[in-house]
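One letter stands for each residue in the lines below.
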Amino acid sequence: MAFTMRSVVRIVPTHSVMEGGGFKVRRPYSMSSLLSPFLLLDEMGPNITEPGEAVGAPWHPHRGFETVTYLLDGRMKHEDSAGNKGELNPGDVQWMTAGRGIIHSELPHDEFQKTGGRTHGFQIWVNLPSEHKMMPPRYQEIPATESPTIEKDGVWARVIAGECLGVSSSIDTVIPITLIHVKMEDGAKLNQQIESQLNSMIYVFSGKITVFNEARVKEYPQVLGLGVNQQVRDGELALLSEGHEVEFHSNGASELLILAGPELNEPISRYGPFVMNTREEIEQAFEDYRNGTFAN
Ligand code: MN
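Residues numbered from 1 in each chain as written. Predicted model: local features only at pLDDT ≥ 70, side-chain atom pairs only at ≥ 80, totals over all residues. Heavy atoms only, no water.

### Some points on the side chain of H104
Next, step 1: Locating H104 in the fold gives a position in strand β9 (residues 102–108).
Next, step 2: Here the side chain of H104 touches E106 through a polar contact of 3.0 Å, side chain to side chain.
Next, step 3: Beyond its immediate sequence surroundings of up to four residues, H104 is in contact with P58, W59, H60, H62, T67, E79, D80, M96 and Y139. (Helix = DSSP H or I, 4+ residues; strand = E, 2+ residues; numbered from the N terminus. Polar contact = N/O pair within 3.5 Å; in protein donor to acceptor, adjacent residues only side chain to side chain. Contact = heavy atoms within 4.5 Å.)

### Considerations on the layout of surface pockets
A probe matching the size of a water molecule, rolled over the atoms, marks out where space remains unfilled.
Next, step 1: There is about 630 Å³ of room inside the largest pocket.
Next, step 2: Lining the largest pocket are 36 residues, and of these E19, G20, F23, G56 and A57 lie nearest its centre.
Next, step 3: If you list the elements that add at least two residues to the lining of the largest pocket, you get β1 (8–19), β2 (23–28), β3 (38–49), β4 (57–62), β9 and β10 (117–127).
Next, step 4: Sorting elements by how many residues they give to the lining of the largest pocket places β3 first, with six residues.
Next, step 5: Of the voids in this model, the second largest pocket is the one considered here, and its volume is about 270 Å³.
Next, step 6: E163, C164, Q192, Q193 and I194 are the residues nearest the centre of the second largest pocket, which is lined by 14 residues in total.
Next, step 7: Elements represented by at least two residues in the lining of the second largest pocket include exactly β14 (163–164) and β17 (189–193).
Next, step 8: Broken down by element, the lining of the second largest pocket gets its largest block of residues, three residues, from β17. (1 Å grid on protein atoms, 1.4 Å probe; cavity = no way out; pocket = protein on both sides within 12 Å on 5 of 7 lines; lining within 4 Å. Points joined across faces, edges and corners; volume = space filled by probe spheres on them.)

### Section: the coordination of the manganese ion
Next, step 1: Coordination of the manganese ion by the protein involves H60 (NE2), H62 (NE2), H104 (NE2) and E106 (OE), with metal-donor separations of 2.2 to 2.3 Å.
Next, step 2: As a motif over one chain, the donors of the manganese ion read H-x1-H-x41-H-x1-E. With H60 in strand β4 and H104 in strand β9, this residue pair connects regions lying 44 residues apart in the sequence. (Donors = N, O, S within 2.8 Å, 3.2 Å for Na, K, Ca; no water.)

### Side note on the sheet that holds strand β6 (residues 76–80)
Next, step 1: In space, the four strands of this open sheet follow the order β4-β9-β6-β7, with antiparallel pairing throughout. Both outer strands of the open sheet, β4 and β7 (85–88), are each paired with one neighbouring strand and no more. In this sheet, neighbouring strand axes are inclined to one another by 20° on average, regardless of whether the strands run parallel or antiparallel.
Next, step 2: Sheet topology note: the β6/β9 ladder contains five bridges and is antiparallel. Within the sheet, the bridge partner assigned to M76 lies in β9 and is P108. (Pairing = 2+ DSSP bridges. Axes fitted to C-alpha atoms, helices over the stretch in contact; angles between N-to-C directions.)

### Considering the pairing of β6
Look at any regular strand and the pattern is simple: side chains alternate between the two faces of the sheet.
Next, step 1: Judged by which residues are buried, β6 turns out to be one-sided: M76, H78 and D80 face inward and are buried, whereas K77 and E79, on the alternate face, are not.
Next, step 2: Pairing between β6 and β7: four bridges, direction antiparallel. Residue K77 lies in a different strand from β7, and its bridge partner there is E87.
Next, step 3: Hairpin remark: β6 followed by β7, antiparallel, with four residues in the connecting loop; positive phi at G83, about 90°. (Buried < 20%, exposed > 50% of the residue type's maximum accessible area, 1.4 Å probe, protein only.)

Have a look at this one:
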């Protein structure tokens, strides 16, 4: 394929839903069928909670995929069936590979519960290919102080997975994943390379950006990529076309996630916290959970 720029092929709006013990998330409509390998993209909050009123997701199982939690504001604590315990503070990332099974709780930190305050963050579910669905569970925790960031020409980026502006993440992913948090100043521009065989999308959660579209500019030089289809606003997920690179410009200050990963091309059988390939495997997950062999 000749070198091409990626452009927006579809805008998916978000809606607010209640998750876990009753906290508000912004979630794109019809996410699961749209962009392999991502199964879920939840923006948690931003919510302001009063002291004693913060809620999380108490003990629950997962099998067959990974959950990535990225906290921007607030403080969480987690615990799991394998005896792992830890906390998440602003800027921290937890990359949890559930594999064949984990039972965990994700709750507000005790200190945060006392004070209340602002909660904001993301939970992203990354599917695993069938050959890795039953892999042993593992955690990768990247505290804010150790996560690679870069600042250049009005663009700040935290590279959770993949590469941006010459900076690479330290995370080990099962399949090649790009996950980057970008903040842009008004008028800033970013050219992000994305391997051409990967699916990709961007999620804007503050402000507005314009995806530069070569073909469109040739067609309408006067609009310089400001065509209506190429603007992505706060709370919109934009699925990108094939290509080698995406170029975007910030209209005012903006904030977004860039995501990319391979098309898995496998059947998805999904029920609540289990994501497998077949219905039989989902039934097996329930059976294992009931008989206590799930996370042994
Ligand atoms: Mn969970």
